[in-house]
Amino acid sequence: MKDLSLHILDIMQNSLAAGAKLIDVEIAENKTENIYTICINDNGKGMSAHMLSKVTDPFFTTRTTRKVGLGIPLLKENAERTGGKFEISSLQGEGTVIKATFVMNHFDRQPLGDIAGVIVLTAASNPAVRIKYVHSTCSGSYTFDTSEIMGVLGNTPVNNAEIISFLKEMINDNLENINYTTG
Amino acid sequence: MTKIKSLNDLRAIKASVEAKMNLRERSDAPEKLVQVKVAMATCGIASGAKAIMDFMVNELDKRQIPAVVSQTGCMGYCFAEPTIEVTVPGKEPIVFGYVNEKKADQIIEKYIKNGELVEGIIPVNYESIESK
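Here the structure is a predicted model, which is why all the values come from computation and not from measurement.

K.L.:
Tell me about the overall build of chain A, and please be specific about residues and values.
P.N.:
Looking only at helices and strands, chain A has six helices and six strands in total. Listing the helices and strands of chain A from first to last along the sequence gives α-β-β-α-α-β-β-α-β-β-α-α. Over its C-alpha trace chain A gives a radius of gyration of 16 Å, about what one expects of a compact globule, namely 16 Å for 183 residues. If one aligns the C-alpha atoms of chain A with their principal axes, the spans along those axes are about 45 × 40 × 25 Å. Out of the 183 residues in chain A, the part that is buried amounts to 54%. Once local pairs closer than 6 in sequence are excluded, the contacts in chain A between residues at least 24 apart make up 61%. A total of about 8000 Å² of accessible surface is found on chain A, and carbon and sulfur atoms cover 50% of it.

Here it is as structure tokens:
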């Protein structure tokens, strides 16, 4: 994965495959403690303790189309490479929480990338799923919640190109307003 | 500093989009629209599927082709990522492999507009790796 937003896109696809109706993405930049945290929380079907113990194994997957599952191992690898850590917890029938912690100024921490695009494209493809994205920095925090967006849009489809590009701009404007770290 | 866009601006965009949609086909008849599904699993994402999805959303709109672009899971063609499945109304879905922006452009111009298959792109069939 070239950047962190693509990891988030990948993990969100897992949540969608697990039938989540709510996906919470939280990014927290803590410059004082030099920690960059990504937390993805869903209310999908969750996993058993046995399955949970195997998800970081690249040769484990629930797919039938191929024999490897690299999404979670790649994120774990990238977090640990910076001296950070990776945690996953899950309860069957309740959902899954993934937390990846990065050492913020580490050379190997990937840039965030096009997070606005990731959130908006996923929301546009899955209008029935509520996606909440919270980004916090030392200057403040911004919350993007698709339930608000759907409230405004009503029957107008969110997958319209003009709306997609507007929503991306809106997220980017707000992220710049809280001085988020792009690099 | 420029003004930060807000939900109020979204209301204005909504009105303008709705006005245009009345002229065009409305999306409550999705079978009449071109449907593009971009394979968005780990393999696809790592190969650049997100950039292809951005490209398709923007270009189909620019070229005024009524279409729905969405994400889908892994189709089993990890070797040929990014892959996209294109369904032109009234035709069987076709999966194109090794799609980059140049090829995505050809898919729009040749296949979606004229129904020609595209040179240099393997339209992959529906067998999975397991069944080969």
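Moving on from the model shown.
K.L.:
I'd like to hear about the pairing of strand β1 (residues 22-30) of chain A, residue by residue, with values.
P.N.:
Side chains on a regular strand alternate between the two faces of the sheet. Residues and elements named next belong to chain A. In this structure, β1 lies alongside strand β5 (residues 130-137), joined through seven bridges in parallel fashion. Residue Glu26 lies in a different strand from β5, and its bridge partner there is Val134. The sheet contact formed by β1 and strand β2 (residues 35-42) spans eight bridges and is antiparallel. Among the inter-strand pairings, Glu26 is bridged to a residue of β2, identified as Cys39. Two successive antiparallel strands, β1 and β2, enclose a turn made up of four residues, where Asn34 displays a positive phi of approximately 60 degrees.

K.L.:
Can you tell me about the layout of surface pockets, naming the residues and giving the values?
P.N.:
For the second largest pocket, the calculated volume is near 200 Å³. In terms of lining, the second largest pocket is formed by 14 residues, of which the most central are Lys2 and Leu6 of chain A together with Ile45, Gly48 and Ala51 of chain B. Looking at the lining of the second largest pocket, the elements with two or more residues in it are α1 (4-17) of chain A together with α2 (42-46) and α3 (49-62) of chain B. Counting residues per element, the lining of the second largest pocket draws most heavily on α3 of chain B, which supplies four residues. Along the lines of polarity and charge, the residues of the lining of the second largest pocket split into six nonpolar, three polar and five charged.

K.L.:
Can you lay out the packing of helix α4 (residues 115-125) of chain A against α3 of chain B for me, pointing to particular residues and giving the numbers?
P.N.:
Where α4 of chain A meets α3 of chain B, the axes come as close as 11 Å, and the angle between the chain directions of the two elements is 65 degrees. In terms of orientation, α4 of chain A and α3 of chain B fall into the roughly perpendicular class. As α4 of chain A packs across α3 of chain B, the resulting crossing turns out to be left-handed. Residue-level inspection shows Gly117, Val118, Leu121 and Ser125 of chain A of α4 of chain A in contact with α3 of chain B, the latter providing Lys50, Met53, Asp54 and Val57 of chain B.

K.L.:
Tell me about a nonpolar patch on the surface, residues and numbers included.
P.N.:
On the surface, a nonpolar cluster with roughly 300 Å² of combined accessible area is contributed by Phe79, Tyr98 and Ile122 of chain B. Looking at where Phe79 of chain B falls in the secondary structure, it is placed in the loop between β2 (67-72) and β3 (84-87).

K.L.:
Could you give an account of the sheet that holds strand β4 (residues 95-103) of chain A, naming the residues involved and the relevant values?
P.N.:
Residue and element names in this part refer to chain A. Strand order in the open sheet formed by six strands is β3-β4-β2-β1-β5-β6, with mixed pairing between adjacent strands. Strands at the two margins of the open sheet, each flanked by one partner only, are β3 (85-91) and β6 (140-145). Within the sheet, the average angular offset between the axes of one strand and its neighbour, ignoring direction, is 10 degrees. Sheet analysis places β5 next to β6, joined by six bridges and oriented antiparallel. In the strand pairing of β6, Tyr133 is matched with Phe144. Contacts between helix α6 (residues 161-177) and the sheet are confined to β5 and β6, with β6 contributing the most and set at about 165 degrees to the helix.

K.L.:
Please set out the interface of chain B and chain A residue by residue, giving values where relevant.
P.N.:
Contact residues are listed per partner, giving 38 residues for chain B and 41 residues for chain A. Around 3400 Å² of area is buried between chain B and chain A when both sides are counted, 63% of it from carbon and sulfur atoms. Counting across the chain B and chain A interface gives five salt bridges. The interface formed by chain B and chain A contains 13 residue pairs in polar contact (both at pLDDT 80 or more). At the level of elements, α1 (7-23), α2, α3 and β2 of chain B are the ones that each hand at least two residues to the side of chain B that touches chain A. A per-element tally of the side of chain B that touches chain A places α1 of chain B first, with 11 residues.

K.L.:
Outline the packing of aromatic side chains, supporting the account with residue identities and numerical values.
P.N.:
Going through the model one piece at a time under the given rule, you end up with two aromatic pairs over all chains. Arranged with centres 6.2 Å apart and planes meeting at 85 degrees, the rings of Tyr77 of chain B and Phe79 of chain B form a pair that is edge-to-face.

Here is what the cut-offs are and how they apply
Residues numbered from 1 in each chain as written. Chains lettered and ligands numbered in written order. Predicted model: local features only at pLDDT ≥ 70, side-chain atom pairs only at ≥ 80, totals over all residues. Heavy atoms only, no water. Helix = DSSP H or I, 4+ residues; strand = E, 2+ residues; numbered from the N terminus. Rg over C-alpha atoms; globule rule 2.2 N^0.38 Å. Buried < 20%, exposed > 50% of the residue type's maximum accessible area, 1.4 Å probe, protein only. Contact = heavy atoms within 4.5 Å. Areas by Shrake-Rupley, 256 points an atom, 1.4 Å probe, with all protein chains shown as cover. Pairing = 2+ DSSP bridges. 1 Å grid on protein atoms, 1.4 Å probe; cavity = no way out; pocket = protein on both sides within 12 Å on 5 of 7 lines; lining within 4 Å. Points joined across faces, edges and corners; volume = space filled by probe spheres on them. Nonpolar A, V, L, I, M, F, W, Y, C, P; charged D, E, K, R; others polar. Axes fitted to C-alpha atoms, helices over the stretch in contact; angles between N-to-C directions. Parallel < 35°, antiparallel > 145°, perpendicular 65-115°, else oblique. Left-handed = near helix turned anticlockwise from the far one by under 90°. Patch = residues over 30% accessible without salt bridge, like charges linked within 9 Å, V, L, I, M, F, W, Y side chains within 5 Å. Salt bridge = Lys/Arg side-chain N within 4 Å of Asp/Glu carboxyl O. Buried area = accessible area lost by both parts, 1.4 Å probe. Polar contact = N/O pair within 3.5 Å; in protein donor to acceptor, adjacent residues only side chain to side chain. Phe/Tyr/Trp six-rings, centres within 6.5 Å; stacked < 30°, edge-to-face > 60°.

Functional significance is not addressed by these values, which are geometric in nature.
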